[in-house]
Amino acid sequence: MVQKYQSPVRVYKHPFELVMAAYERRFPTCHLIPMFVASDVVEEETNEDGSTTRVERRCALDVDAPRLLKRIAGVDYVYFIQKNTLNRKERTLHIESHNETFSNRVIIHETCCYSVHPENEDWTCFEQTASLDIKSFFGFESTVEKIAMKQYASSIKKGKEIIEFYLKELEDEGITHIPRWTPSSLPLPLPRPASLFTSPPVLPKLAVTPADSNPLPSDTADSIPQDLDADYIKRYLGDLTPLQESCLIRLRKWLQETHKGKIPKDEHILRFLRARDFNMDKAREILCQSLTWRKQHQVDYLLETWSSPQVLQDYYTGGWHHHDRDGRPLYVLRLGQMDTKGLVRALGEESLLRHVLSINEEGLRRCEENTKVFGRPISCWTCLVDLEGLNMRHLWRPGVKALLRIIEVVEANYPETLGRLLILRAPRVFPVLWTLVSPFIDENTRKKFLIYAGNDYQGPGGLVDYIDKEIIPDFLAGECMCEVPEGGLVPKSMYRTAEELENEDVRLWTETIYQSASIFKGAPHELLIEIIDASSVITWDFDMCKGDVVFNIYHSKRAPQPPRKDPLGPHGITSPVGNNVQLIDKSWTLGQDYSMVESPLICKEGESVQGSHVTRWPGFYILQWKFHSMPACSATNLPRVDDVLATLQVSSHKCKVMFYTEVLGSEDFRLVTLYYSLLAGFSHPACMTNTTQNPRLG
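If you look the protein chain up in an unreviewed UniProt entry, it shows as SEC14-like protein 1 from Sander lucioperca.

What follows is the structure in structure tokens.
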């Protein structure tokens, strides 16, 4: 694999002629570069008017490599050929270098250029590119590649310092100005060659400071500065190694050449590179996927177009709160006070995800603001999560699944935006929750988690190490009022049906967790689940939105006929197409064609039901919700008055259920069972939602 390097632009705030005089002092040897042993002039040529000089040199390097490797290679020094072309008239120096030693096994090529700064003729720019291709090296290809890249990166870092050293030496000698070349003037002293491993770094030019809030600039690729200045990188992007700078520049250049439309800001490109440890190919792949996603769902305009529903404003217990000691924006989430199930039921996954994305977009904007305020690069934020009050309603499986899907979207499109996560007052079962969630979180992100049990956050190594005492929220025994909603249970009157949630204008997901169905007298709703492996576990979670039903589970060895949808229920009531399905053929006989595997369960209006069934046989399992007829009075065989009134309340003998099902392997189910058994130790049972659990089915 060919390794490539492209540097940022290095700017010397000195005239070109003075920089050339400093450059000349580096040769034939330089005490500041111990491995640069010697250089000999092989050929020299100057044109008639003295404006252009071409010099070819042979340079010897004492590469810092293991002695064994040197003995195997049979060399003490590595030789390079360097060709310099100095154009005094145009005020440029072009340097081209390649290796002479092992040229049939290793190909190293480097080009450098000193030129006048395009915006200030009294300044000098330096740019550099290089490539390394190791075809074969006695079986040590990987080792040689690592040694070469390490040496090269080290010499690049020293390059500018060396020129600055000789500029200072000239100044101490009283040389602060060298006249420019004119046709009548004598040629300047010949610049002496820098080897491949001693030249300073390169890249594209001065970039302006990002101003707008979203990670994609408002301008198109044509208006983006083509070059990145080294000082700009340090000020707005942070300290990068030469090879990291090279990856940023090369990926940025590739986007400018190939990507139509908006080009991401430099700090956003850098996040994707960091997320993939500066692997160019991997970073480019996930960045392009994210750019497509942003365009498809108009995420760039989310902050301007998204308005939080009132239920979020009242019950979503999160918000921005000042900044941490490092200047990072601080986001506070009181997860223990949040009704996750209620929010999913009232808003749907789409709205909840959109809200989370708006938080991330706002975080990017705040990072840019804080970069300007604190005068140093700030590219991520800190999140403080308070788990006080965490209980079983937070471990509602569909809610956990929705959370994991949100994490997946955020991880894919906002990498390296979380600088630190402080988890406070974690209950003793938190490790089990962490076991379920952590596999979906990137490894680099997991390293940023700090977890405190009980009141440990108040002691040494706690919050005060990361957040100024003056801004610790009041609910954590701090002095600062935190304007985050206190949460509470979302009223069930605000819950929405699956049909209502599916009518969202723009969807970020193609499917929804919950389905809804209508049940009529004489027309149950049935769901088919095919089981391949015995000992699988069918799990369910459903809410009775309207009316009472009987819930049954059946097993059959043969598949039912294609489902028939009942467009008309009894009494001529229209059933919405697709939300009343019947599978059990009327010709089937219970006990012969199919069998009941669990006792019937009566579910009342307003109840939430969760449960599971461990399958004993492969085949086809049918979950059935059947209209519940009121029993007759045992004494008179006549219906009771209360039963008649209750029946009249169920309009047109119609019931409505909102349900979610999932099939788990036995190993996964054991983990979940352990999870819930540990929850029995929670200290806040009063916070549990009104949930009906069937011990036989659960």
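Engineer: Run through the pattern of salt bridges, naming residues and quoting values.
Structural biologist: The full count for this structure, using the stated rule, is 28 salt bridges. In this structure, the salt-bridge partner of Arg58 is Glu100, at a minimum N-O distance of 2.7 Å. Here Arg58, found in strand β4 (residues 52–61), pairs with Glu100, found in the loop between β6 (92–99) and β7 (106–117); they are 42 residues apart in sequence, far enough to count as distant. For Asp386, the salt bridge goes to Arg425, with nearest N and O atoms at 2.7 Å. One end of the pair, Asp386, is in strand β11 (residues 381–386); the other, Arg425, is in strand β12 (residues 418–426), with 39 residues separating them in the sequence.

Engineer: Requested: an account of the nonpolar core, with residues and values cited.
Structural biologist: Note on soluble globular proteins: their nonpolar side chains tend to be buried together. Formed by 48 residues in total, the largest nonpolar core has its most connected members in Tyr316, Leu343 and Leu357. Looking at this core, the elements with two or more residues in it are α9 (310–315), β10 (329–333), α10 (340–374), β11, α11 (397–413), β12 and α12 (430–437). It is α10 that contributes the most residues to this core, eleven residues altogether. Core analysis: the second largest hydrophobic core is formed by 39 residues, Tyr12, Phe16, Ala21 and Val144 among them.

Engineer: A description of the environment of Phe36 should follow, citing residues and the corresponding values.
Structural biologist: Examined against the element boundaries, Phe36 turns out to sit in strand β3 (residues 36–46). The exposure class assigned to Phe36 is buried, which follows from its relative accessible area of 3%. Sequence separation of Phe36 and Val78 is 42 residues, and the distance between their C-alpha atoms is 10.0 Å.

Engineer: Give me the packing of aromatic side chains: which residues, what numbers.
Structural biologist: Across all of its chains, the model carries 16 aromatic pairs by this definition. Ring geometry for Phe27 and Phe36: centres 5.6 Å apart, planes at 85°, overall edge-to-face. Grouping residues by exposure puts Phe27 and Phe36 together as buried. Put simply, the rings of Tyr12, Tyr23, Phe27, Phe36, Tyr114 and Phe126 touch in pairs and so form one group of aromatic residues.

Engineer: Account for the sheet that holds β11, with residues named and values stated.
Structural biologist: The mixed open sheet is built from five strands, whose spatial order is β9-β10-β11-β12-β13. Pairing within the sheet leaves two strands with one partner each, and these edge strands are β9 (318–323) and β13 (449–453). Taken over all neighbouring pairs, the strand axes of this sheet differ in orientation by 20° on average, direction set aside. Both β12 and β13 contribute to a ladder of four bridges, which runs parallel. Bridge pairing in β13 places Ile423 opposite Ile451. Most of the contacts of α10 go to β9, to which it runs at about 5°, and overall it touches β9, β10 and β11.

Engineer: Mind laying out the packing of helix α6 (residues 266–275) against helix α7 (residues 280–296), listing which residues take part and the relevant values?
Structural biologist: Direction vectors running N to C along α6 and α7 enclose 130°, while the axes themselves pass 8 Å from each other. Between α6 and α7, the angle falls in the class oblique. For the crossing formed where α6 meets α7, the hand is right-handed. For the pair α6 and α7, contact is made by Ile269, Phe272 and Leu273 and by Ala283, Ile286, Leu287 and Ser290, respectively. Tallied by class, residues from the contact of α6 with α7 come to six nonpolar, one polar and no charged.

Engineer: I'd love a proper account of unusual backbone geometry, names of residues and values included.
Structural biologist: Along the chain, Phe27 connects to Pro28 via a cis peptide bond; the corresponding omega equals 10°. Summarising the element assignment, Pro28 is placed in the loop between α1 (16–24) and β3. Located in the positive-phi region is Arg425, a residue other than glycine, with phi close to 55°. For Ala477, which is not glycine, the phi torsion reads 70° and is therefore positive. For Ala477, the position within the fold is in the loop between β13 and α14 (498–502). Assessed through its relative accessible area of 62%, Ala477 is described here as exposed.

Scoring rules and cut-offs
Residues numbered from 1 in each chain as written. Predicted model: local features only at pLDDT ≥ 70, side-chain atom pairs only at ≥ 80, totals over all residues. Heavy atoms only, no water. Salt bridge = Lys/Arg side-chain N within 4 Å of Asp/Glu carboxyl O. Helix = DSSP H or I, 4+ residues; strand = E, 2+ residues; numbered from the N terminus. Core = buried A, V, L, I, M, F, W, Y, C linked by side-chain atoms within 4.5 Å. Buried < 20%, exposed > 50% of the residue type's maximum accessible area, 1.4 Å probe, protein only. Phe/Tyr/Trp six-rings, centres within 6.5 Å; stacked < 30°, edge-to-face > 60°. Pairing = 2+ DSSP bridges. Axes fitted to C-alpha atoms, helices over the stretch in contact; angles between N-to-C directions. Contact = heavy atoms within 4.5 Å. Parallel < 35°, antiparallel > 145°, perpendicular 65-115°, else oblique. Left-handed = near helix turned anticlockwise from the far one by under 90°. Nonpolar A, V, L, I, M, F, W, Y, C, P; charged D, E, K, R; others polar.

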